[in-house]
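Structural characterization, general
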Amino acid sequence: MQPPPIADAPIHDLRNNLRSGEKFVREQSKRELAGRPKDEVLAALRQWWPQLEADRPNSEHGLYEALGVFEWLEAPEPALLQKLLESKVPEARAYAAGTVGRWADRLPPQFDAVEKLSDLAHDEDPRVRLAAIVAAGNIPRPESMVVVFGAAPTRGTGYRDA
């Protein structure tokens, strides 16, 4: 299978490549987007991601990859972050938890990062819980420790059994 052209591709095609089933295509498209004019890329992504239909193949992964581009460009996107925090896919929730920790100081006040992480610290998936705890540890505010100490205890994880 021939990969799509990336180096000279328009931003429209590059953003659509974020839904590709091929990791190489996604990674190279993100690298190319990072080198394009920031305002054009952000505008294209902000127009694109809300239109992704959840039932289409790789749409959820496209959201995940789009969040990565926003991170790469240092442009917090709270609405997309919230969508991924509510994802049905545990990997997406875990990634979003890490993003909350990195963006906590740049998110709007109504986006309560500590509260979001506290909710994720009680997630059914252990990777999501761990990601929330680690992310909370990266927020230099005393209230973030509530997430760490309030994490849902689970049997057999070992780290809290002592």
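To be clear, the structure that these remarks concern was listed above.
Read on for an overview of the structure. (Residues numbered from 1 in each chain as written. Predicted model: local features only at pLDDT ≥ 70, side-chain atom pairs only at ≥ 80, totals over all residues. Heavy atoms only, no water.)

Moving on: unusual backbone geometry. If you check the backbone angles, Glu74 has positive phi at about 55 degrees while not being a glycine. The residue Glu74 is located in the loop between α4 (59-72) and α5 (78-85) in this model. (Helix = DSSP H or I, 4+ residues; strand = E, 2+ residues; numbered from the N terminus.)

Across its 14 residues, helix α6 (residues 90-103) extends 20 Å between first and last C-alpha, which sits within 8% of the 20 Å expected from 1.5 Å per residue. Counting buried residues along α6, 10 of its 14 residues qualify, which places the element largely inside the surrounding structure. Elements in contact with the buried residues of α6: α4, α5, α7 (113-120) and α8 (126-137). (Expected span 1.5 Å × (residues − 1). Buried < 20%, exposed > 50% of the residue type's maximum accessible area, 1.4 Å probe, protein only. Contact = heavy atoms within 4.5 Å.)

Turning to α7, its buried residues number three or more, namely Ala113, Val114, Leu117 and Leu120. All buried residues of α7 fall inside an arc of 120 degrees around its axis, so they share one side. Packing partners of the buried residues in α7 comprise α5, α6, α8 and α9 (145-149). For α7, the N-terminal capping position is held by Asp112, with its side-chain oxygen 3.3 Å away from the main-chain nitrogen of Val114. (Arc of directions from axis to C-beta. Polar contact = N/O pair within 3.5 Å; in protein donor to acceptor, adjacent residues only side chain to side chain.)

Any pair of aromatic rings gets described here by the distance separating the centres and the angle formed by the planes. Under the criterion given, the structure shown has one aromatic pair. The interplanar angle of 40 degrees and the centroid separation of 4.6 Å between the aromatic rings of Tyr64 and Tyr95 together place this pair among those described as tilted. Residue Tyr64 is found in helix α4, and its partner Tyr95 is found in helix α6; the two are separated by 31 residues along the sequence. Relative accessible area serves as the criterion here: at 25%, Tyr64 is assigned to the partly exposed category. Taking NZ or CZ as reference, Arg102 lies 5.9 Å from the ring centre of Tyr95, over its face. Above the face of the Phe111 ring, Lys116 is positioned so that its terminal group lies 4.9 Å from the ring centre. (Phe/Tyr/Trp six-rings, centres within 6.5 Å; stacked < 30°, edge-to-face > 60°. Lys NZ or Arg CZ within 6 Å of the ring centre and 35° of its normal.)

Glancing now at the pattern of salt bridges. Inspection of every chain in the model, using the stated rule, returns 12 salt bridges. Arg93 is the partner of Asp123 in a salt bridge, and the nearest nitrogen-oxygen pair spans 2.9 Å. Of the two residues, Asp123 is situated in the loop between α7 and α8 and Arg93 in helix α6; the sequence distance between them amounts to 30 residues. Comparing Asp123 with Arg93 shows no difference in burial state: the two are buried. (Salt bridge = Lys/Arg side-chain N within 4 Å of Asp/Glu carboxyl O.)

Another point: the packing of helix α3 (residues 38-48) against α4. Direction vectors running N to C along α3 and α4 enclose 155 degrees, while the axes themselves pass 11 Å from each other. Comparing their axes, α4 and α3 come out roughly antiparallel. Along this stretch, α3 crosses α4, giving a crossing that reads as left-handed. Contacts between α3 and α4 pair Val41, Leu42, Leu45, Arg46 and Trp48 from the former with Gly62, Ala66, Val69 and Phe70 from the latter. Classifying every residue of the contact of α3 with α4 by side-chain character gives seven nonpolar, one polar and one charged. (Axes fitted to C-alpha atoms, helices over the stretch in contact; angles between N-to-C directions. Parallel < 35°, antiparallel > 145°, perpendicular 65-115°, else oblique. Left-handed = near helix turned anticlockwise from the far one by under 90°. Nonpolar A, V, L, I, M, F, W, Y, C, P; charged D, E, K, R; others polar.)

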